[in-house]
Amino acid sequence: MIDQAESLRKQLMLSSAQSARVISVVSGKGGVGKTNITVNLALSLIKMGKRVLVIDLDVGMGNVDLILGRRAPKHIMDLLQNQLSVWEIIEEGKEGLHTIAGGRNFGSLALITDGMLDYFLKQLEELETFYDFIFLDMGAGATETALKFILSSHEILVIATPEITSITDAYSMMKFIHAKDSTLPFYLAVNRCENEREGRETSHKLTNVCKQFLNKDLIHLGMIPLDQTVLESVKKQVPFTLNKPASEASRAIADLARTYTGAALQQKASYKSFISRLKSLFSER
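Throughout, a residue's number is its position along its own chain's written sequence, starting from 1. Residue-level local features of this predicted model are given only where pLDDT is at least 70; pairs of side-chain atoms are given and counted only at 80 or more, and the full residue set underlies all totals for whole chains, interfaces and linings. Side-chain figures throughout are based on the complete set of non-hydrogen atoms in the structure, without hydrogens or water.

Caption draft 1: Summary view of the packing of aromatic side chains. Geometry of aromatic contacts follows a simple scheme: Phe, Tyr and Trp rings, the Trp one being its six-membered ring, pair when their centres are within 6.5 Å, and the pair is stacked under 30 degrees between planes, edge-to-face over 60, tilted otherwise. Taken as a whole and assessed by the stated rule, the structure comprises eight aromatic pairs. The interplanar angle of 75° and the centroid separation of 6.4 Å between the aromatic rings of Phe120 and Phe149 together place this pair among those described as edge-to-face. Pair noted here: Phe120 is in helix H6 (residues 114-125) and Phe149 is in helix H7 (residues 144-152), with a separation of 29 residues, a long-range link. Each member of the pair, Phe120 as well as Phe149, is classed as buried. Pairing Tyr271 with Phe274 gives two aromatic rings, centres 5.5 Å apart and planes at 45°, and the pair type is tilted. Of this pair, Tyr271 and Phe274 both sit in helix H13 (residues 271-283), separated by three residues, roughly a single helical turn. Neither residue differs from the other here; Tyr271 and Phe274 are each classed as buried. Each member of the aromatic cluster is reached from another via a ring pair, and the members are Phe133, Phe135, Tyr187 and Tyr260. The rule is short: NZ of Lys or CZ of Arg within 6 Å of the ring centre and within 35 degrees of the ring normal puts a charge over the ring. Directly above the aromatic system of Phe282 lies the positively charged group of Lys148, at a separation of 5.5 Å from the ring centroid. The helix and strand labels rest on DSSP assignments: H or I over at least four residues marks a helix, E over at least two residues marks a strand, and numbering proceeds from the N terminus. In this scheme, a residue with accessible area under 20% of its type's maximum is buried, one over 50% is exposed, and one in between is partly exposed, where area comes from a 1.4 Å probe on protein chains only.

Encoded structure:
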């Protein structure tokens, strides 16, 4: 395992990035396709030559593994309890996508000792120049532990659907985060749109309510159509961008990836600021 970890690290060192950008992916409610969008967006960015890590922080669910059709042998709590290096818990999967599983006991991260927290943060520091993007796939809502990661991120990607419950819950989630930190940028992707008009209307509703009540600009990245191939791919446990690369959903995700990278380049991001903020928030316990 140590040899494999060292090999992975050497591969990534061949073309190190300047500083990883950390994005928390959230939704107000479950069942909107958040993890599916996260994994396929990551794969689309990899096709663009980016190096991407997805960290599954949806406590006890392991949906990233389900989408990828596997079960991670190690997770974050293994790193802490067994003093593993971060490279030993990173899984390399399809198309070079790297993932870290949170594990069922991830929520107990709030109860770890100061020594374990220091070790955890030092391991996270290792990732700074090895990835262009690090996606944190959060669970629906926000637990106390999850909120620390969300508030430490460089930006928030909100996944919503045209359903009214999804729209209202997505806004509630943004309002809650905004109350904690009004400087965090919000990006929006609308999933499962029956047509372009429905997607535009959903985006318009959320954009207007954020501007009116939060005085916050919501950056619309794109919309993903309601596509039967997505459901077929989930059943096969293969990401739809790999299973059906020519599908409408796959093309939409590719467009979303291009739009996101263009928007991200407009804003500076320091990985050290992510680590510093995370350390500060966990020190408040």
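Caption draft 2: Main features of the sheet that holds strand S7 (residues 186-193). Spatially, the eight strands line up as an open sheet ordered S3-S4-S2-S5-S1-S6-S7-S8, and their pairing is mixed. With one partner strand each, in any of the chains shown, strand S3 (91-92) and strand S8 (218-225) form the two edges of the open sheet. Pairing of strand S2 (residues 52-57) with strand S4 (residues 98-101), which is carried by four bridges, proceeds in the parallel orientation. Along S4, the bridge assignment pairs Val54 with Thr99. Strand pairing is assigned whenever DSSP identifies at least 2 bridges connecting the two strands.

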